[in-house]
Amino acid sequence: MNIDRGKLSFVSLAFFLGVLLFKYSLIFSLCYFIITILLIIIYKNKALFSLILLAIFILGGLYTGHINKNNLSRAQKYLDAQKTYNGRVVSIPKDVLSGQSSIIDIGDVKIKLTSSGSVVSYGDVITFNAKPYIPEGKGYILDYDYRTYLKSQGVYLCAYTSDVNVIGNQIFRFSINDQITRLRIFLLNQTDKLFSGEVLMFMRGFLLGNSDLSSDEFRETLSNGGISHVVAISGMHVALIAAALFYILKRVALRKKYLYLIIIPFIWAFVLLTGAFPSSVRAGIMVSILVLSKSLLKNYDSFNALSLSALIILLINPFTAFSSSFLLSYLAVVGMLTFEKSFERLFPKVGKVLIPTLCVTLSAQVFTLPVLAIFFGRVTVLGLLTNIIAVPLVPLIMLLGYAALFLSFIYFPTGLIFSYSCGLIVKLCLKAASFFGSLKGSYIDINFTNKYLLIFLYLSFVAFLYFGVLKRKKLLGFISVNLSLILLILCIVFPLLNQGQVYVDYMDVGQGDCTLVTCGTYSVMLDVNTESKLVENTIIPYMRCRGASFLDVMIISDYNNIESCISLLNLVKVNTLVLPEGEAPKLLLEAVKKHTKIIYVNAGDEISAGPMQFKVVYGTEGSSLAVLLKANSRKIMFPGSINESQEHILAKSISDIDILKAPRNGALTSCTDDLLKKASPELIIVSTASSNNPSKSFMDRIKKHHASYYVTHTNRFITTVIDKDGTINTVPYGEEES
């Protein structure tokens, strides 16, 4: 007897929401409890099933919490312990801006290690001196969270070191994972011999799920053209491989019962060989269920297979639920299963060749669009046109690509012939992506402040599309379209109500400086003076949590840390870069490549971003800039890293500052009596690492002037909110105010 697809789907959804309960307990518990009560009231005959779903929902949260607690307890004994560790490299190392990144197994935990000055390989047994730490993560729904992303890989700790010694290699030990990884490295090396340039970047990801060599320009071309999903290993790859295997094995004249069972191990070998991404694992499970159902002469239901695959993946690692790969993969399939046939009925005369591509792409994008907007801050408008060209070519690219790879082992020139043919088709796809992605209006950058409203707006729009347009149910269509209009108005009104409210976020970036200032849809960053690794791990996640998917202005007060500035430019769109007089060729080159406007400033110059006014009150060639923010009749001073003598000069041009950012991280001579007397700040913010507390002399001076203070290493991220009437509220995400 077939399982009711509705019941299995609800069970899977309840467990998934229960996993989300682990992080967002209040909002999800409240919403789910209300929904369960309504179901019991409306469907009295299904009250028992509703209660079962509630139990599964709670179980999902408890299960996730249990796994997290056990892994954290093992990880915490390594925190803040600077010492030498022994471990084995268990991932293919990736080149990053600050060195080489790899996952190290040190026994009972895994560490994401970034090393500079040393090169390691998969299987290397190493010793390294480091101080492990738990990466930053923010608890915002459907937002980038580096800590949770690492948990989806089974990693709970990070470390940075310049001291790595390779003492051996165990890649030849017998284990399935090691042998598959060895084969993957071998095939990647062969791919490097067959392809070059952008075609190589495309084929490494397309054939073997590896994007290490991809440049920022290449990724931007794919993103703007809307074909990033084509390069990634996905369910389409698994389905095509399964179909090819079935076609080949059928010619052997095996009985169908045995033929289906032979396909399964080949499918899973492919899934593991290409990195076992959530999308390919999901497809592997669904294909396996399909094969088993055919072998056992049972009916196959796509929704049941999809729901069961989600349950299996979440049971193996519940933190996969928070990854964009998992969400996009499942939402795309749900969209295709729900809307594909309906879209085909809507476009019956488009053409037999065009209909499948158009309908599959439309169906997938209906569900994935909001997740793309929330995770990546960008919506591709013309991606549908690029997909119409690229998607039908995917089977041909796969055939030629894998043929080139395997024939090259038999006779290399034959592999080169196939690789050349494959390269021509790939170049056609990339040209299409580049053309459509370069057109004005081809994509929209999203900088929204209320993600919850956006999610519910899109869900109501999908409901209207499904019930009102496709199913022609007038009442449900009328309700959903009106709900869409109400939520759309709220999405417009809420940002306008908060347009005058200014948020100043002082980030905890260790012994450095980084401040994000936002007002409505405007965002400005002052300094990125920190380690490069913290740009991706800390600064970008915090920006996304604040709703800043790009920067209108980035102000750099000095050239002390160019690498971190370049790293941010590589990861975030910056419209205008404000610099002091001086030379920084690497930074300028990167800004020019990203089409970022560059402005050099001196004392007296002003920069505007919406209602926020930034004035340079001190700045000469070779010195740090001191910038004054004026917002809602309040003044915040950012003196950068000016020295003691420059503080005396600055003191002559300022007065009555509301908040002062301490220069030089609260060093011995920071905040002279002269500066404190003229500025007379009510609050002082000190950005410093736990290993280098503010000096005693500094603390004595600010206490003498009766100023309150916050320190980033104690109070973590500190937010100052300036209301339209000038009221200031400062909120630390840590201990009490000092």
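Note that residues are indexed from 1 along each chain, following the sequence as it is written. Given that this is a predicted model, residues contribute local features only at a pLDDT of at least 70 and side-chain atom pairs are listed and counted only at 80 or more, while totals for whole chains, interfaces and linings are drawn from all residues. Side-chain metrics rest on all non-hydrogen atoms present in the structure, leaving aside hydrogens and water.

This next bit is on the environment of Met-236. Looking at where Met-236 falls in the secondary structure, it is placed in helix α9 (residues 235-250). The sequence separation of Met-236 and Pro-395 amounts to 159 residues, and the corresponding C-alpha distance is 8.9 Å. Helix and strand definitions follow DSSP, with helices as H or I runs of at least four residues and strands as E runs of at least two, each counted in order from the N terminus.

Okay, the sheet that holds strand β12 (residues 522-529) next. One bridge is not enough; two strands pair if DSSP finds at least two bridges between them. Within the open sheet, the eight strands sit side by side as β15-β14-β13-β12-β11-β10-β23-β24. Their pairing is mixed. On the outer flanks of this sheet lie β15 (597-601) and β24 (728-732), each paired with one strand and no other. Neighbour to neighbour, the strand axes of the sheet diverge by 20° on average, direction disregarded. As defined by bridge partners, strand β10 (residues 502-506) adjoins strand β11 (residues 513-519) across five bridges and the pair is classed as antiparallel. Residue pairing in the sheet places Asp-505 in a bridge with Leu-516 of β11. Throughout, a contact is declared for two residues whenever any of their heavy atoms are within 4.5 Å. The convention used is that axes are lines fitted to C-alpha atoms, helices contributing only their stretch in contact, and that angles between N-to-C directions extend from 0 to 180 degrees. Along the sheet, helix α21 (residues 562-571) contacts β12, β13 (550-555) and β14 (573-580); its crossing angle with β12, the most-contacted strand, is approximately 145°.

Right, let's get into the pairing of β14. Counting buried positions along β14 yields six of eight residues, so the element is predominantly enclosed. Direction of pairing for β13 relative to β14: parallel, over a ladder of five bridges. If you follow Leu-551 over to β14, its bridge partner there is Val-574. Viewed with both strands pointing away, a crossover whose connecting path from the first strand over the helix to the second turns clockwise is right-handed. One crossover worth recording links β13 to the parallel β14 by way of α21, and it is right-handed. Of the strand pairs in this sheet, β14 and β15 are connected by five bridges, and their pairing is parallel. Opposite Thr-576, over in β15, you have Lys-597 as the bridge partner. The buried label applies to any residue whose accessible area, calculated with a 1.4 Å probe on protein chains only, is under 20% of its type's maximum; exposed applies above 50%, and partly exposed to all values in between.

Time to look at helix α11 (residues 278-295). Working rule for helices: expected span equals 1.5 Å times residues minus one. With 18 residues, α11 extends 25 Å from end C-alpha to end C-alpha; this agrees with the ideal 26 Å at 1.5 Å per step. Of all 18 residues in α11, 14 are buried, a share of seventy percent or more.

It is worth spelling out the state of the cysteines at this point. Our working definition of a disulfide is a cysteine sulfur pair at a distance within 2.5 Å. Per the stated rule, a full pass over the model turns up zero disulfides. Take Cys-514: it sits in no disulfide, and the sulfur closest to it among the cysteines is that of Cys-565, at 9.2 Å. Overall, Cys-514 belongs to the buried group, its relative accessible area being 1%. For Cys-565, a relative accessible area of 2% translates into the label buried.

By themselves these figures say nothing about function.
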